[in-house]
Amino acid sequence: MTETTSTTTGTPVEKVRPALLRYRVLAWITGLWLLLLVAELILKYGFGVDALDFVPIVHGWVYFVYLIVTIDLAIKVRWPLGKIVVTAIAGTIPFLSFYFEHIRTKEVKAQYSL
């Protein structure tokens, strides 16, 4: 069984595909938890409701895993440092993780013909 490699980076496509899937899933999960965090902050500071006080902790851990899978994908596809940093920061701004997931997925799929 042989692995197909990209002509531009020499990285096996079969290593990129699961890394891309992990990144996509975590980008969406992080984005959803971030939106829930915004709702929690509005409830807490706008209305004095502490019902969702677990959300910041969960979002923090989800974001940490998002950082790990982003770096994993970045290493496999050899992104420059600037692209890694901007993609990592996208998980801290509401709705931006969804946009960056779409853009980065399109780039990687084009680069590796996925």
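Starting from 1, residues in each chain are numbered consecutively following that chain's sequence as written. For this predicted model, a pLDDT threshold of at least 70 governs which residues receive local features, and a threshold of 80 or more governs which side-chain atom pairs are given and counted, while totals over whole chains, interfaces and linings are taken from all residues. Values reported for side chains reflect all heavy atoms of the structure, with hydrogen atoms and water molecules removed beforehand.

It is worth spelling out the overall build of the protein at this point. Under the scheme used here, helices are H or I runs from DSSP no shorter than 4 residues and strands are E runs no shorter than 2 residues, and both carry numbers assigned from the N terminus. Counting its secondary structure elements, the protein contains 4 helices and 0 strands. Helices and strands appear in the protein in the N-to-C order α-α-α-α. By principal-axis analysis of the C-alpha atoms, the protein measures approximately 60 × 25 × 20 Å. The proportion of buried residues among the 114 residues of the protein is 35%. For the protein, the share of sequence-separated contacts (at least 6 apart) that also reach a separation of at least 24 residues comes to 67%. All accessible-area figures derive from a Shrake-Rupley calculation using a 1.4 Å probe, and residue coverage is judged against the displayed protein chains alone. Within the structure as shown, the protein displays about 6,800 Å² of accessible surface, and the carbon and sulfur contribution to it stands at 71%. Counted as positive: Lys and Arg. Counted as negative: Asp and Glu. His and the chain ends are not counted at all. For charged residues, the charge sits on one atom: NZ in Lys, CZ in Arg, CG in Asp, CD in Glu. Distance from the positive charge centre (11 side chains) to the negative charge centre (8 side chains) of the protein: 10 Å. For the exposure calls, accessible area comes from a 1.4 Å probe over protein chains only, and a residue counts as buried if that area is under 20% of its type's maximum, exposed if over 50%, partly exposed in between. Note on contacts: a residue pair is in contact if any heavy atoms of the two residues lie within 4.5 Å.

Moving on to the side chain of Glu-101. Along the chain, the position of Glu-101 falls in helix H4 (residues 96-112). Owing to a relative accessible area of 4%, Glu-101 belongs among the buried residues under this scheme. A polar contact is formed between the side chain of Glu-101 and the side chain of Trp-28, at a distance of 3.0 Å. With sequence-adjacent residues up to four places away left out, Glu-101 is seen in contact with Tyr-23, Arg-24, Ala-27 and Trp-28. For the purposes of these results, a polar contact is taken to be a pair of N or O atoms within 3.5 Å, where, inside protein, one atom must be able to donate a hydrogen and its partner to accept one; residues adjacent in sequence count only when each atom of the pair is a side-chain atom.

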